[in-house]
Structure formats: C-alpha cells, structure tokens
Amino acid sequence: MTFYDESLLNEMISILLSLYPNFSFLNRLYPQTIKGKRALLRGLMNLVPAPFSHQRFFDLENILLESEKEEKEAVNSMFLPASAYDKITQFKGDICLLEVDAIVCSHSEEFLGCFVPDHFCLENNIHSAAGIELRNDCYFIKQSNKKHMVPGFVAISDGHHLRAKKVIHALLPKADKRPTNLDYHLLKVCYENILRCAYQEKIKTLAIPTLGTGSSGFPKKEAFSIAFDTVEDFLLEKKDAPIVIFVTYTSEDHNIVEESIGI
C-alpha cells in the first residue's frame, strides 16, 4: 500500500467511527500499521447496519476495493479443467477471484451477511469484497420479501466490487449437525431455486460453494451428494443451463468434490 492508500484508510475509518462511536472498541484490537488499519476497516464495515448511506464513504470504498481487486490475479472460469460431466467443474480457492456471471452467497435467517468483525466465513468474505452496498441490497430484499423468507428462498443482486457480475443469495436450513429428512429436502430446494434463478436471469457461468457444510451443520459428503445430483439433474433437463463451478476452500472439501466429478 502507498501513503495515499493509508490516508484513504484513515478517512474511511474516521467516517465510520464518527457515525458509530460505539464501534471504537475495535481500535484496541489492531496495530496502527497500514495492514492493521485495513483489518480495522474491514471489521468496522462488517458491523455497519443496513441501510447505510454516505456518498463520500462510497466514493472512497470504490477506490479502495477496485484497487484491491486489480491487485489480485483473476481466475477465468473458461480455463478451469473440464470434468467428465458436461458443464460441471470445480475451483479450490477464493470465490471472489472468479470472473463469472454470478456467485452464490449462503445466508442464515438474518440474511444480512456476517456481523462478526473480520470473521473468516463465506458471507464475510463476499460482503467484504463486494462492499457495504451488498448488505444494503440484502436489506431491501428482506424488506420486500418478509413473507417468503424461509429456507430455500433465493434472490439476486448486483455484484458491486466483486469480479462476479451478480450474487445469488440463498437462505439455508439450519441442521445443527443432526439434519432431518426435511433439512435435506430444504437443502435440495435451495440448489433447485438457485439454478432456476440463474437460468431465468440468463447466467452463463455460476460459482456455487458447498452449501450447508459450515455453520448450517450438514455432513459434507451428504451435502455435496445432494448438490451434485441436483445440479446434474437440472443440466440434463435444461440444455442451455449455466456452467456450474463448485468452489471449495479446504483440501477435505476439494477431495470430496474431486471424487464426485472426476477432476
């Protein structure tokens, strides 16, 4: 980072702390270095409630996030290895690096992203890279669909500062590591609705993480079996369905996916 970047960080932090002085406790958790200030800013942004509106902050956020996006090497989905199954492939790494039409973000019933400062989870990673505008989108989606906010609900928004053009938001069932037949059914419904949404929106490349295997509490092999079977059935039904990229972060998840799709 340059000195200019540090002054940008200082102003963004100052704006948020002036608006939300109760967040000042985070100051004590990070060193006063450029790296520390960037982590502090991410933590503050994670805490910002929706809806949020501050044009100067958004102008600075645009400079910062677009600059950071350019510093990271993009992954072109068209160069990922092909599997034995038509239109199914995989990628191990950061979903935010993928140049695709849409990525999927899983949500708990709160549906507004992760409010744990600097937390390492899918929601936090996507929201932090996309910017606060994505939480605003989720807020307005939730306000407009209160009667429909049940497990299996999906909606689409802009990708903002992500490499993906769009984000498909999915509300997952919570299994608490003891999933019932209903939980498994609802997970399948999530995948079906995600695919239908992508198809209706004419999405050509869709990146999906292994949904339900984190805090939702589904066993990994069973959850991916549902994912793969649902995607395969949909692709057989819809010849012009999108290319689906299963995204994993851990070696364990990668091996499970690799075993199923053959790459």
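Just so we're clear, the structure is a prediction, and the values are computed from it rather than from any experiment.

(A) Broad picture of the sheet that holds strand S5 (residues 154-158). Strand order in the open sheet made by the six strands is S2-S8-S7-S4-S6-S5, with mixed pairing throughout. Here the strands that pair on one side only, and so sit at the sheet edges, are strand S2 (88-92) and S5. For this sheet, the mean inter-axis angle between neighbouring strands, taken without regard to orientation, is 30 degrees. Looking at chain direction, S5 and strand S6 (residues 166-171) are connected through five bridges and run antiparallel. Directly across from Ala155, in S6, lies its bridge partner His169. Against the sheet, helix H7 (residues 220-237) engages S2 and strand S8 (243-248), with an angle of about 170 degrees to S8.

(B) How the structure looks around the side chain of Ser106. For Ser106, the location among the structural elements is in strand S4 (residues 102-107). The class for Ser106 is buried, based on a relative accessible area of 14%. Every residue in contact with Ser106, bar those within four places of it in the chain, is listed here: Leu122, Glu123, Ala170, Leu172 and Leu211.

(C) Summary view of the environment of Glu123. Looking at the element boundaries, Glu123 is found in helix H4 (residues 122-130). In sequence terms Glu123 and Cys105 are 18 residues apart; their C-alpha atoms lie 6.3 Å from each other. When neighbours within four sequence positions are excluded, Glu123 is seen to be in contact with Cys105, Ser106, His107, Ser108, Gly113 and Cys114.

(D) Region of interest: the packing of aromatic side chains. One pass over the full model with this rule turns up 11 aromatic pairs. Measuring from centroid to centroid gives 5.8 Å for Phe111 and Phe153, while their planes differ by 65 degrees, and the two rings are edge-to-face. On the criterion of sequence distance, the pair formed by Phe111 in the loop between S4 and H4 and Phe153 in the loop between helix H5 (132-144) and S5 is long-range, its members being 42 residues apart. Taken individually, Phe111 and Phe153 each receive the classification buried, so the pair is uniform in this respect. In textbook terms, an aromatic cluster arises when at least three aromatic residues are bridged by ring pairs, as seen for Tyr20, Phe23, Phe52, Phe57 and Phe58. Just above the ring of Phe115 sits the side chain of Arg135; from NZ or CZ to the centre is 3.7 Å.

Each value, and the rule that gives it
Residues numbered from 1 in each chain as written. Predicted model: local features only at pLDDT ≥ 70, side-chain atom pairs only at ≥ 80, totals over all residues. Heavy atoms only, no water. Pairing = 2+ DSSP bridges. Helix = DSSP H or I, 4+ residues; strand = E, 2+ residues; numbered from the N terminus. Axes fitted to C-alpha atoms, helices over the stretch in contact; angles between N-to-C directions. Contact = heavy atoms within 4.5 Å. Buried < 20%, exposed > 50% of the residue type's maximum accessible area, 1.4 Å probe, protein only. Phe/Tyr/Trp six-rings, centres within 6.5 Å; stacked < 30°, edge-to-face > 60°. Lys NZ or Arg CZ within 6 Å of the ring centre and 35° of its normal.

It is worth stressing that arrangement in space is one thing and function is another; only the former is reported here.
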